[in-house]
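Coordinate inspection notes
These are the residues of each chain, in order.
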Amino acid sequence: MIPITLKKLLRIIKARTRSMILYSIMLFLAVLFIGALIIYLVEHGHNPGIKNYFDALWFIMETITTVGYGDIVPATTMGRVVDMIIMPLGISIISILTASIASAIMNSTMMHASGLGAFSRKNHLLIVGWNERVPKLIYSIKAAMDQTGNFLDIVLISNQEKPPLPGDVIYIRGNPFIEQDLIRAGADSARTIIVVPLDFKDPASSDAKVTLITMIIKQLNPGAYIISEVLDESNVSHVKRAGANAVISSGSLSTMAIAREAIYGGVIDAVMELLMPSNHGEVITISSSDFVGVSFLEAMTRLKSSLNYILIGINRGGSPIINPPGSMLIERGDGLIVIRGFKDR
């Protein structure tokens, strides 16, 4: 549960601080311009230092900010009286304004530290939910970003206490089932969104929650690339219908990997080398814009000779076609699934 009392208190402080800053600025400007007008009317013609309104404005600014260059001083008794009134008034206004700004900064820091703030940038990567595997997921994402040079802000939303996270990961504390909390995390403007399992002890309940969250996010941001993870392979189709672009079944992946390893041997190591950022190779998807209308076999030959990429499949309409016939033509909008080696980066 989000600490509602603290959240409301911080928002009240934030609203009042904004009002205080606005009032302080308005009062500062009023004293500055009205005080300058009075000084000009009183001193002009009697004080050689005040030849025009700007000179009076300069003098009042010196007085309010307590700079006191001494280049202009009141020459009349009335001017001194006015200056005596403006001096404490200006010091008080500056003090209130400074305190209000400091309070606003402190409040903003507390809001973000407690996860009650909002993320305002766009095209980031959002992770929805928390489990014990999320830190490793974040580490792998950051490692991939370092190798590819494709850096994105990483935002995590969870309704738990702030977990241990790298310093550059933005934490938002909120309920992933509530649209407003998702919007605070930028779900409506994220480029990629990952929905992780919330409860490994109850796969059915966890997958149902992932399906619902995926559906809510798809409505908020139809253009986002949504990756959802389920625990039961039978729920993959449900999550896809909810709007996920890619669904990963952690249980089925482990089972199939073990089965292949038992029969063929060496499969797990090879797959892990391709999935994890390494010095040997990795699977990526590249644009097909230079190969539209070209056969799969010809594209494979050209990519191998020019970039030393190994073409292994086509991503068409969100569905991968692995090792298609050599005569299959590449269409506009296809993604080319290739293996890129370390020396090719």
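What this report covers is the structure whose coordinates are included nearby. If you're wondering where the values come from, they're calculated on a predicted model, not measured in any experiment. Numbering of residues starts from 1 in every chain and runs along the sequence as written. Thresholds applied to this predicted model are a pLDDT of at least 70 for local features of residues and 80 or more for the giving and counting of side-chain atom pairs; totals over whole chains, interfaces and linings are not thresholded and use all residues. To obtain the side-chain values, all non-hydrogen atoms of the structure were included, while hydrogens and water were left out.

So, about the overall build of the chain. Of the regular secondary structure elements, the chain holds 10 helices and 10 strands. Note on exposure labels: buried denotes an accessible area under 20% of the residue type's maximum, exposed denotes more than 50%, and partly exposed covers the range between, all computed with a 1.4 Å probe on protein chains only. For the chain, with 345 residues in total, the buried portion stands at 39%. A separation threshold of at least 6 residues defines the contact pool for the chain, and within that pool the share at least 24 residues apart is 62%. Note on areas: these come from Shrake-Rupley sampling with a 1.4 Å probe, and a residue is covered only by the protein chains present in the view. Counting only carbon and sulfur atoms, one obtains 63% of the accessible surface of the chain, whose full area is about 19300 Å². Secondary structure follows DSSP: runs of H or I at least 4 residues long count as helices, runs of E at least 2 residues long count as strands, and numbering of each begins at the N terminus. Contacts are assigned to residue pairs with any non-hydrogen atoms lying within 4.5 Å of each other.

Mapping Pro 88 onto the fold places it in helix H3 (residues 77-113). Each C-alpha atom, one on Pro 88 and one on Thr 63, is 9.3 Å from the other, the two residues being 25 residues apart in sequence.

The antiparallel open sheet is built from four strands, whose spatial order is E7-E10-E8-E9. On the outer flanks of this sheet lie strand E7 (282-287) and strand E9 (319-322), each paired with one strand and no other. For this sheet, the mean angle separating the axes of adjacent strands, direction not counted, is 35 degrees. Whenever a helix is involved, its axis is fitted only over the stretch in contact; in every case the axis is a line through C-alpha atoms, and angles between N-to-C directions fall within 0 to 180 degrees. Sheet strands touched by helix H10 (residues 296-307): E7, strand E8 (310-316) and strand E10 (335-340). Its angle to E8, the strand with the most contacts, is close to 130 degrees. Two strands are counted as paired when DSSP detects at least two bridges linking them.

Nonpolar side chains (Val, Leu, Ile, Met, Phe, Trp, Tyr) are joined into patches within 5 Å and like charges within 9 Å, using only residues with over 30% relative accessible area and no salt bridge. Any carboxyl oxygen of Asp or Glu within 4 Å of a side-chain nitrogen of Lys or Arg constitutes a salt bridge here. A contiguous nonpolar surface patch, about 460 Å² in accessible area, is contributed by Phe 54, Trp 58, Val 67 and Tyr 69. By the secondary structure assignment, Trp 58 is in helix H2 (residues 53-64).

Residues Leu 126, Val 128, Leu 182, Ile 193, Val 195 and Ile 217 are the most contacted members of the largest nonpolar core, which totals 25 residues. Mapped by element, the contributors of at least two residues to this core are strand E1 (125-128), strand E2 (154-158), strand E3 (169-173), strand E4 (192-195), helix H6 (203-220), strand E5 (225-230) and helix H7 (236-242). If you tally residues by element for this core, the top one is H6, at five residues. Leaving out residues up to four positions away in the same chain, Val 128 has contacts with Ile 157, Pro 176, Leu 182, Ile 193, Ile 194, Val 195, Val 196, Ile 213 and Ile 217. The criterion is simple. A nonpolar core is a set of buried Ala, Val, Leu, Ile, Met, Phe, Trp, Tyr and Cys residues joined through side-chain atoms within 4.5 Å.

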